[in-house]
Amino acid sequence: MDRAKPFDIPKREVWEAFKSVKANRGAAGVDGQSIEEFEADLEDNLYKLWNRMSSGSYFPAPVRRVDIPKSDGKTRPLGIPTVADRIAQTVVKRYLEPKVEPYFHQDSYGYRPGKSAHDALEVARRRCWRYDWALDLDIKSFFDSIDTDKLMLAVRKHTDCRWVLLYIERWLKAPMQLADGSLVAREKGTPQGGVISPLLANLFLHYVFDAWMARQHPDIPFERYADDAICHCRSEAQALSLRQDLEKRFAACGLTLHPEKTKIVYCKDDDRPGEHPNQSFDFLGYTFRPREVKWPDGQLRIGFTPAVSGKALKGIRQTVRRWALQRHTQWSVEGLAKEINPVLRGWIAYYGRFTRSALDTLYTYINGKLAWWAYRKFKSLRRSKVRAYAWLQRLRRRQPDLFAHWSPNRTRGRAMGAV
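Described below are features of the structure shown in this document.

Cut-off values and rules
- Sequence order sets the numbering: in each chain, residues are counted from 1 along the sequence as written.
- Given that this is a predicted model, residues contribute local features only at a pLDDT of at least 70 and side-chain atom pairs are listed and counted only at 80 or more, while totals for whole chains, interfaces and linings are drawn from all residues.
- Heavy atoms from the whole structure form the basis of all side-chain values; hydrogens and water molecules are not counted.
- A 1.4 Å probe that fits into a set of points on a 1 Å grid over the protein atoms alone but cannot get out defines a cavity; an open set with protein on both sides within 12 Å along at least five of seven lines defines a pocket, and lining residues are those with an atom within 4 Å of a point.
- Grid points are joined across faces, edges and corners, and a volume is the space filled by probe spheres set on the points.
- Note on conventions: DSSP H or I runs of at least 4 residues are helices, E runs of at least 2 residues are strands, and numbering of each starts at the N terminus.
- As a working rule, the residues Ala, Val, Leu, Ile, Met, Phe, Trp, Tyr, Cys and Pro are called nonpolar, Asp, Glu, Lys and Arg charged, and the rest polar, with Gly in that last group.
- Salt bridge, as used here, is a side-chain nitrogen of Lys or Arg placed within 4 Å of a carboxyl oxygen of Asp or Glu.
- Relative accessibility under 20% of the residue-type maximum defines a buried residue, over 50% an exposed one, and the middle range a partly exposed one, all with a 1.4 Å probe and only protein chains included.
- Each patch is built from salt-bridge-free residues with over 30% relative accessible area, joining like charges within 9 Å and nonpolar side chains (Val, Leu, Ile, Met, Phe, Trp, Tyr) within 5 Å.
- All accessibility values rest on the Shrake-Rupley procedure with a 1.4 Å probe; residue burial counts only the protein chains present in the view.
- Charged-residue counts in this description rest on Lys and Arg as positive and Asp and Glu as negative, His and the chain ends being excluded.
- Note on charges: their place is set at NZ of Lys, CZ of Arg, CG of Asp or CD of Glu.
- Strand pairing is assigned whenever DSSP detects at least two bridges linking the two strands.
- Only the stretch in contact is used when a helix axis is fitted, and all axes are lines through C-alpha atoms; the angle between N-to-C directions ranges over 0 to 180 degrees.
- By definition, residues are in contact when any of their heavy atoms lie within 4.5 Å.

## Side note on the layout of surface pockets
Its volume calculated, the largest pocket comes out at about 1,900 Å³. In terms of lining residues, the largest pocket is bounded by 47 residues, among which Lys70, Arg76, Gln192, Asp228 and Lys311 are the most central. Among the elements that make up the lining of the largest pocket, the one with the highest residue count is helix α11 (residues 310–323) (six residues). Of the residues belonging to the lining of the largest pocket, the class tally is 20 nonpolar, 13 polar and 14 charged. Of the volumes computed, that of the second largest pocket is approximately 420 Å³. The wall of the second largest pocket is formed by 18 residues, among which Asn24, Arg86, Gly193, Gly194 and Val195 lie closest to the centre. Counting residues per element, the ones that place at least two in the lining of the second largest pocket are α1 (11–24), α4 (83–100) and α9 (197–216). Per element, the largest residue contribution to the lining of the second largest pocket is five residues, and it comes from α4. Of the residues assigned to the lining of the second largest pocket, the class counts are seven nonpolar, six polar and five charged.

Written out as structure tokens, the structure is:
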């Protein structure tokens, strides 16, 4: 029989947390332990974690820093906790999330149950039709800049549970381990990559931005997804005033608006003939800008609408290029489709939600890579790349559902394009 513990944490919660972490997979932390290795001695590992958390002797390991390349050539630092730490964070998240969720703003969409990026994009699209101006907010190094003292004040507004407060504070203070093994102390911020970080970031911005906007600017609607936000204004003057107010508000809370990336945008369409240097913004992988669209009456008009962004397309092409499909000539064409279709379906489902025709250039690019694969695989096609394209065309006619982007209900059947 276990002795009485200072903290009453049900063992069932640790088990449920493990199942969630396993489903989300993820890389190993500083201890190098994978989920599979943790699971090899699951009962003992979960008991040890529960015992440490229940007794107050749980201390997180350092967070492993991984630099993820960005499309602009820079990198984004991620902090990868160990498997055990991810399970512990999930236990706390499962306790805290139901307590804070009812207080969150209806237009906060990031990492929340029942809300999605598509929801935020749809609302932003409708509001861009109704409001002439938008303020595109970019918070500089948000996750690394969070004032942890102010964050803990926000957490304490929603819970006085001792073990929840204790472990959140320990995670916020856990050092970062760099690639060379050195440790860097952290005095502020919550690392991207942690299970608890999105919830804490939402809670922080709820008080810094969402609730403040509702009090100070109730007539200005917005959509926020984590640290990305779009505010809708009726005039350029209103947008300028809001930007100035937000600069002061964020500065008071330890945050900084990026001076170049934060911008005022004119949502130009057929009913808005004016001009402005900025007539587009990027939000959640989509570019909102004036485009020719077909209206319900069948007429083509200029509307301010979203489509997959050039930055997102560039990132997808880089991913496809890294696949190096032409090297995998050991696969059958069915095997090739099985390998890449899950990723293709994900891209199509996300980026094809609005202005699906904007994906046509991507489909052409992928077809070029498939033709190059066929050119390398089949000796009969090596005389000419034109033959490889003709072979691919015939295959598409015979098996239109073989590749995800070929399906008739997903693409309009344009030409195969060039390598």
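Next, the rest of the story.
## Some thoughts on the pattern of salt bridges
Close approach of charged atoms allows side chains of opposite charge to pair. Using the criterion set out here, one finds 21 salt bridges in the structure. Here Glu16 and Arg12 are joined by a salt bridge, their closest N and O atoms 3.0 Å apart. Of this pair, Glu16 and Arg12 both sit in helix α1, four residues apart, which is roughly one turn of that helix. Arg12 sits in the exposed class, given a relative accessible area of 54%.

## Quick notes on a positive patch on the surface
On the surface, a cluster of positive charge is contributed by Lys74, Arg76, Lys140, Lys261 and Lys311. As for its position among the elements, Lys261 is in the loop between α10 (236–252) and β8 (263–266). On the basis of relative accessible area, Lys261 is assigned to the partly exposed category, the value being 37%.

## Describing the sheet that holds strand β1 (residues 63–69)
If you trace the four strands from one edge of the open sheet to the other, you get β2-β1-β4-β5, paired in mixed fashion. Looking at strand neighbours, the two that pair on one side only are β2 (75–80) and β5 (183–184), the edges of this open sheet.

## Concerning the sheet that holds strand β11 (residues 300–308)
A sheet is described by the order of its strands in space; here three strands give the open sequence β9-β10-β11, paired in antiparallel fashion. Since the sheet does not close on itself, it has two edges, and those belong to β9 (281–283) and β11, each with one partner. Across the sheet, the axes of successive neighbouring strands diverge by a mean angle of 50 degrees, strand direction being ignored. Two strands pair when backbone bridges link them, and strand β10 (residues 286–294) and β11 are joined in this way by nine bridges, in the antiparallel orientation. Paired with Tyr286 across the bridge in β11 is Val308. On top of the sheet, helix α5 (residues 117–130) reaches β9, β10 and β11; it is set at about 55 degrees to β10, its chief contact.

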